[in-house]
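Next come the chains, spelled out residue by residue.
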Number of protein chains: 2
Amino acid sequence: MSLKLYFDLLSQPSRALYILLKSSKIPFEECPIALRKGAQLTDEYKNNVSRFQKVPVVHDGDFKMTESVAILRYLAREKSLPDYWYPKDSKRQVRVDEFLEWQHNNVRATCAKYFMKKWIFPLVTGQELEPEKLAEYKQSMEDCLDSMETLWLANGNYICGDKLTAADLWAACEVEQPRVTGYDPIVGRPILGAWLDRIRTEVDPHYGEAHAILNKIAMKSQKA
Amino acid sequence: MSLKLYFDLLSQPSRALYILLKSSKIPFEECPIALRKGAQLTDEYKNNVSRFQKVPVVHDGDFKMTESVAILRYLAREKSLPDYWYPKDSKRQVRVDEFLEWQHNNVRATCAKYFMKKWIFPLVTGQELEPEKLAEYKQSMEDCLDSMETLWLANGNYICGDKLTAADLWAACEVEQPRVTGYDPIVGRPILGAWLDRIRTEVDPHYGEAHAILNKIAMKSQKA
């Protein structure tokens, strides 16, 4: 097996790549990396896995890659990735690329930031972040989720129209993340809710498998 | 002329696309959009240029595109873009993609944020941001510039090794931005400084042309 995926299922782009590979039936060796234990910060990881010391990382033989979107494009060129994920048709590919480039500083940045500040920060420091600061992070996230509802999902059942693409998978994995904190992204956002259900159903069982730990934590947080 | 570029030379990715097109001798119609006047916020812009109401935007005939990196990839597929900017070779393309994906939440996010908070915020509100908050934004930017120096530029004269690529052009346009505030990104970063000089020289005269307004403001800010 030439392909190795280094991942943590609590990392959003790790989940996206894990689900992509599994549902595309591209064989790969699973190399789980426990971020909570700092497994990516060792010299061994730096020297042998990735000098950037993050997940996800993919090795294809001795060719090492980081950045999930860069990896997605490599898989589309080099492996048997079904075309619908990342269309070869030039104009449809632009639509997928537009979202994948937009999401970094929007749905990814804001949902991850809220997750970090609301959930990771207290875990690490034993303290809650000041409510005022937290409210700012929450507002940025909510503005962004609103633009998913009103802008990106305004033209069809999926982000790029009427077909599932990698844009949906990457987005869904980000939108799931704040659920860890007990926040429900679909409340007041019926279009986003229907879309998320659609993705969950279509990409199962691997979607559920990749989100099992997250779902468990989310359930606990909702009760708390 | 089928290609139109909507841009503002004070927008980093606008400059990157402007320089890319000019230096690649790809003809395009220049459509300057004055962000400072909110020209992108009109209904006319929303309906006829881009529903996302940002710059840069490219129209190829009636096909409308946003997100500079998505546009770069389209130009590499569809127009006569020299191969060195965005190599067709699969593994070299991964290296360019890795940086272009990384920069969104790093060199782009942090340099732009500092520029917004230090320069735009006082322009709009008539007040300075609290020094403590500003110091946080500055620190994030400096950490990021340090990782350009020690990580991304550690393996050669350019981000992806020994050849100029779009990664360098996109990065340089971001690294220039905080100069507007009077901040000099190359102080204490000799590798970054030599790299920036190299890019400026190689991509002239269009690099200088695109940065003329920025350079003028930077000179004033340095004196202030």
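Rules and cut-offs
Residues numbered from 1 in each chain as written. Chains lettered and ligands numbered in written order. Predicted model: local features only at pLDDT ≥ 70, side-chain atom pairs only at ≥ 80, totals over all residues. Heavy atoms only, no water. UniProt positions renumbered as here; feature names shortened; annotations may be inferred. Helix = DSSP H or I, 4+ residues; strand = E, 2+ residues; numbered from the N terminus. Salt bridge = Lys/Arg side-chain N within 4 Å of Asp/Glu carboxyl O. Buried < 20%, exposed > 50% of the residue type's maximum accessible area, 1.4 Å probe, protein only. Contact = heavy atoms within 4.5 Å. Buried area = accessible area lost by both parts, 1.4 Å probe. Polar contact = N/O pair within 3.5 Å; in protein donor to acceptor, adjacent residues only side chain to side chain. Nonpolar A, V, L, I, M, F, W, Y, C, P; charged D, E, K, R; others polar. Least-squares fit on C-alpha atoms with pLDDT ≥ 70 in both. Axes fitted to C-alpha atoms, helices over the stretch in contact; angles between N-to-C directions. Parallel < 35°, antiparallel > 145°, perpendicular 65-115°, else oblique. Domains from an automatic or database assignment. Phe/Tyr/Trp six-rings, centres within 6.5 Å; stacked < 30°, edge-to-face > 60°.

Attention now moves to the UniProt feature "domain: GST C-terminal" (unreviewed entry) in chain A. Within this structure's numbering, the places UniProt gives as "domain: GST C-terminal" (unreviewed entry) are residues 89–224 of chain A. Helix makes up 73% of residues 89–224 of chain A and strand 0%, whereas the separation of the span's terminal C-alpha atoms amounts to 48 Å.

Using the criterion set out here, one finds 28 salt bridges over all chains in the structure. Where A:Arg108 meets A:Glu174, a salt bridge forms, and the shortest distance between an N and an O atom there is 2.9 Å. On the criterion of sequence distance, the pair formed by A:Arg108 in helix H4 (residues 90–125) and A:Glu174 in helix H6 (residues 166–176) is long-range, its members being 66 residues apart. For B:Asp60, the salt bridge is made with B:Lys79, and the minimal N-O distance between the two is 3.2 Å. Of this pair, B:Asp60 sits in strand E3 (residues 57–60) while B:Lys79 sits in the loop between helix H3 (68–78) and helix H4 (90–125), placing them 19 residues apart in sequence.

All names here are of chain B. By the element assignment, Leu 196 lies in helix H7 (residues 190–202). Note on Leu 196: relative accessible area 1%, which makes it buried. Put simply, Leu 196 and Ile 120 are 76 residues apart on the chain and 24 Å apart in space, counted from C-alpha to C-alpha. Setting aside anything within four residues of it in sequence, one finds Leu 196 in contact with Ala 172, Val 175, Glu 176, Ile 186 and Tyr 207.

Moving on, we come to the interface of chain A and chain B. Residue-level contacts link 34 residues of chain A with 34 residues of chain B. Buried area between chain A and chain B, both sides added, is near 3100 Å², and the carbon and sulfur share of it is 48%. Contact with chain B buries area across many residues of chain A, yet A:Arg51, A:Phe63 and A:Glu101 alone supply 18% of it, more than any other trio. Linking chain A with chain B are 18 residue pairs in polar contact (both at pLDDT 80 or more), by the criterion used here. Broken down by secondary-structure element, the contributors of at least two residues to the side of chain A that touches chain B are strand E4 (63–66), helix H3 (68–78), H4 and helix H5 (131–152) of chain A. Top element by residues in the side of chain A that touches chain B is H4(A). It accounts for 14 residues. Split by residue class, the side of chain A that touches chain B holds 13 nonpolar, six polar and 15 charged.

On to the relation of the copies chain A and chain B. Superposition record for chain A on chain B: RMSD 0.0 Å, screw rotation 180 degrees, translation along axis 0.0 Å. Here the two chains are linked by the operation of a two-fold rotation axis. Most of the interface of chain A is mirrored in chain B, where 100% of its interface residues are also at the interface.

Attention shifts here to the packing of H4(A) against H6(A). All names here are of chain A. Running from N to C, H4 and H6 point in directions that differ by 0 degrees, and their axes come no closer than 10 Å. Taken together, the axes of H4 and H6 lie roughly parallel to each other. Residues Val 96, Phe 99, Leu 100, Gln 103, Val 107, Arg 108 and Cys 111 of H4 form the contact with H6, whose participating residues are Ala 166, Ala 167, Trp 170, Ala 171, Glu 174 and Val 175. The residue makeup of the contact of H4 with H6, split by class, is ten nonpolar, one polar and two charged.

Once that is clear, we can look at the domain arrangement of chain A. All names here are of chain A. Taken domain by domain, chain A comprises domain 1 (3–78) and domain 2 (90–223). Between domain 1 and domain 2, the C-alpha centre-to-centre distance is 20 Å. Taken residue by residue, the interface counts 17 residues in domain 1 and 23 residues in domain 2. For the pair domain 1 and domain 2, the two sides together bury roughly 1800 Å², of which 68% comes from carbon and sulfur. Of all residues in domain 1, Leu 10, Gln 12 and Ile 19 give up the largest surface area on contact with domain 2, accounting jointly for 35% of the area buried on that side. Viewed at the interface, domain 2 and domain 1 are joined by two salt bridges. Notably, a salt bridge pairs Arg 73 with Glu 101, separated by 3.2 Å at the nearest N-O pair. Taken together, the connections running from domain 1 to domain 2 amount to nine residue pairs in polar contact (both at pLDDT 80 or more). Considering only residue class, the side of domain 1 that touches domain 2 consists of ten nonpolar, three polar and four charged.

As enumerated under the stated definition, the model contains 22 aromatic pairs over all chains in all. An angle of 90 degrees between the planes, with centres 6.3 Å apart, marks the rings of A:Tyr6 and A:Tyr45 as edge-to-face. Here the residue A:Tyr6 occupies a position in strand E1 (residues 3–7), and A:Tyr45 occupies one in helix H2 (residues 43–48), the gap between them amounting to 39 residues. You can call A:Tyr6 buried: its relative accessible area is 10%. On the basis of relative accessibility, which here comes to 1%, the residue A:Tyr45 falls in the buried class. With 5.8 Å between their ring centres and 40 degrees between their planes, A:Phe63 and A:Tyr74 make a pair best called tilted. Of this pair, A:Phe63 sits in strand E4 while A:Tyr74 sits in helix H3, and the two are eleven residues apart along the sequence. We classify A:Phe63 as buried; its relative accessible area is 9%. Members of the aromatic cluster, joined through ring pairs, are A:Phe52, B:Phe99, B:Trp102 and B:Trp152.

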